[in-house]
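Each chain is listed here by its residues.
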Amino acid sequence: MKEMLAQLATTTQKAEIENVLQQTTAQLLHHYKIRAREVELYPIELESYFYRAGVFEDPYVHTNELQMNHFGELYVHRRGKEATSPYKMDNRVCMGISLSVSTGYYYSALIRSAVFADGSMVFGPNNVLMHFMRSVNASANILDAHFFDTHHAHSCLPPSFTLLKDNKCCLK
C-alpha cells in the first residue's frame with residue numbers, strides 16, 4: 001500500500017489521485033482491521049480526506065501535522081494544525097487512520113462505521129470513537145467505566161494501535 005500512496009506526492013492528475021484514494025479505501029475495507037490492546041475493529045465505511053497544495057485542495061481536511069507523513073497512526077480530530085493542538089469536543093470528535101507517507105500531502109481516512117470483534121456494529125464517526133475507547137478502557141482498566149458518561153474519549157487514547165492486513169501485522 002505504501003508504494004501506491006507514494007504516488008500521491010508526485011502525480012498532478014486529479015483522476016489519478018481519486019483512483020489512488022478509491023483503491024486505498026477498498027484495500028482498507030476488504031483487507032485490514034485495527035487493533036488497540038485487545039480491541040479489534042473492521043471499518044465498513046470510510047471517508048477520505050486528502051490535501052496537496054496547488055494540486056488537490058479538499059477544504060475539509062484539517063491539515064493537522066498528524067495527517068502528514070504519519071502512515072498507519074490513529075488520528076483523532078484536533079482543533080488546530082499542530083500535533084499538540086487540543087482535541088475537538090462534543091460530537092465532532094472522531095477518529096481516522098493517517099495514510100500519508102510523505103511530507104508533501106495530508107491524507108487520512110475517517111472511520112464512519114465499523115464492526116467490532118465483539119460483534120457490535122457501530123454507525124457514526126463519534127459513536128465509533130466512543131465505542132472503541134470504551135472497549136479499550138474496559139480491556140486496559142485505565143478509567144472508571146462511568147468516566148465516559150461525562151467525558152470524551154480523547155482523554156484516554158491508547159498509546160498505539162496496530163493496523164493488520166489479512167490478520168498479519170503490517171503497522172505498529
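Residues numbered from 1 in each chain as written. Predicted model: local features only at pLDDT ≥ 70, side-chain atom pairs only at ≥ 80, totals over all residues. Heavy atoms only, no water.

Visitor: I'm lost on the packing of aromatic side chains in this one. Help?
Guide: Any pair of aromatic rings gets described here by the distance separating the centres and the angle formed by the planes. For the structure shown, the criterion picks out 4 aromatic pairs. Taking 5.5 Å as the distance between ring centres and 70° as the angle between the ring planes, the aromatic pair formed by phenylalanine 50 and phenylalanine 56 counts as edge-to-face. Between phenylalanine 50 and tyrosine 105, the aromatic rings sit 5.2 Å apart at their centres with planes inclined by 40°, giving tilted as the arrangement. Taken together, the residues span a long stretch of sequence, with phenylalanine 50 in strand β2 (residues 39–52) and tyrosine 105 in the loop between β5 (95–98) and β6 (106–116) at a distance of 55 residues. Summarising the burial analysis for this pair, phenylalanine 50 and tyrosine 105 share the class buried. In textbook terms, an aromatic cluster arises when at least three aromatic residues are bridged by ring pairs, as seen for Phe50, Phe56, Tyr105 and Tyr107. (Phe/Tyr/Trp six-rings, centres within 6.5 Å; stacked < 30°, edge-to-face > 60°. Helix = DSSP H or I, 4+ residues; strand = E, 2+ residues; numbered from the N terminus. Buried < 20%, exposed > 50% of the residue type's maximum accessible area, 1.4 Å probe, protein only.)

Visitor: Can you walk me through unusual backbone geometry in this structure?
Guide: In the Ramachandran plot, threonine 63 falls in the positive-phi region, its phi being about 50° despite a non-glycine side chain. Within the element layout of this structure, threonine 63 appears in the loop between β3 (56–57) and β4 (74–76).

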